[in-house]
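Chain and residue survey
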Amino acid sequence: MLDVILKRRSIRQYEDKPVEPEVVREVLLAAMCAPSAYHKNPWSFVLVEKEEIRERLSRATNFASFSKKAPIIIVITADSQSSPHWIEDSSIVGAHIYLEAVNQGLGTCWVQVYNMETPDGTNSEEYVRSVLGIPETERVLCMMPLGYPAEHPAGHSEA
């Protein structure tokens, strides 16, 4: 596992190549195995493959523009009413996605949505909810573009 942790990088450039459904399934399975406070599992995932929707999501924050080039964006949401620890729980899910993505030969990058603004100054969570039709009861923590890396930043060396 340490080799996967050491290889993990934030990837912002992706090959123009689809990610196989069985690989996406493995990434999501790893995410669903994440621990949560009181075993509430408050998270949900929205998988976005349509180019038009990815383009719209790439305008969710000043730091999201690269995400439109990924073949898939995983949006992590959570029911904040079911757990006061939704941020921590969903963050652990994001870490699992990061690590399994690397394990599967993929790349991803955390794109913060919670507590962010769009380039025109509106609330990023509200923007993403409106684009995807997510109910007000769900909070949007982040987006994680997913694809085969078109860049290979240097990894950590072992300590």
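Here, every reference points to the structure presented above.
Residues numbered from 1 in each chain as written. Predicted model: local features only at pLDDT ≥ 70, side-chain atom pairs only at ≥ 80, totals over all residues. Heavy atoms only, no water.

Here we take up the overall build of the chain. Across its full length, the chain holds five helices and five strands. Along the chain, from the amino end to the carboxyl end, the secondary structure elements read α-α-β-α-β-α-β-β-α-β. Since a compact globule built from 159 residues should have a radius of gyration of about 15 Å, the 15 Å found for the chain is in line with a globular shape. Classification of the 159 residues of the chain by burial places 46% in the buried group. Residue pairs at least 24 apart in sequence account for 77% of intrachain contacts in the chain once pairs closer than 6 positions are excluded. Carbon and sulfur atoms provide 51% of the accessible area of the chain, an area that totals close to 8,400 Å². Taken together, the 15 basic and 22 acidic charged side chains of the chain have centroids lying 2 Å from each other. (Helix = DSSP H or I, 4+ residues; strand = E, 2+ residues; numbered from the N terminus. Rg over C-alpha atoms; globule rule 2.2 N^0.38 Å. Buried < 20%, exposed > 50% of the residue type's maximum accessible area, 1.4 Å probe, protein only. Contact = heavy atoms within 4.5 Å. Areas by Shrake-Rupley, 256 points an atom, 1.4 Å probe, with all protein chains shown as cover. Lys, Arg positive; Asp, Glu negative; His and termini not counted. Charge placed at Lys NZ, Arg CZ, Asp CG, Glu CD.)

Tallying each qualifying case throughout the model produces one aromatic pair. Centroid distance W86 to Y114: 5.3 Å. Interplanar angle 90°. Geometry classified as edge-to-face. Of the two residues, W86 is situated in helix α4 (residues 86-103) and Y114 in the loop between β4 (111-112) and α5 (124-132); the sequence distance between them amounts to 28 residues. Taking relative accessible area as the criterion, W86 reaches 7% and is therefore assigned buried. Between R8 and the ring centre of Y98, over which it is positioned, the NZ or CZ distance is 4.7 Å. Positioned over the ring face of Y148 is K17, at 4.2 Å from the centre of the ring. (Phe/Tyr/Trp six-rings, centres within 6.5 Å; stacked < 30°, edge-to-face > 60°. Lys NZ or Arg CZ within 6 Å of the ring centre and 35° of its normal.)

With twelve residues, helix α2 (residues 21-32) extends 16 Å between its outermost C-alpha atoms, agreeing within 8% with the 16 Å of an ideal straight helix rising 1.5 Å per residue. Every buried residue of α2 is accounted for by V23, V24, V27, L28, A30 and A31. End-on, the buried residues of α2 take up no more than an arc of 155°, which puts them together on one face. Turned more than 90 degrees off the buried face of α2, the exposed positions are P21, E22 and R25. (Expected span 1.5 Å × (residues − 1). Arc of directions from axis to C-beta.)

With respect to the helices and strands, the residue N41 is situated in the loop between α2 and β1 (43-48). Taking the C-alpha atoms as reference, N41 lies 23 Å from S124; in sequence the two are 83 residues apart. Setting aside its immediate chain neighbours within four residues, N41 contacts A34 and S36.

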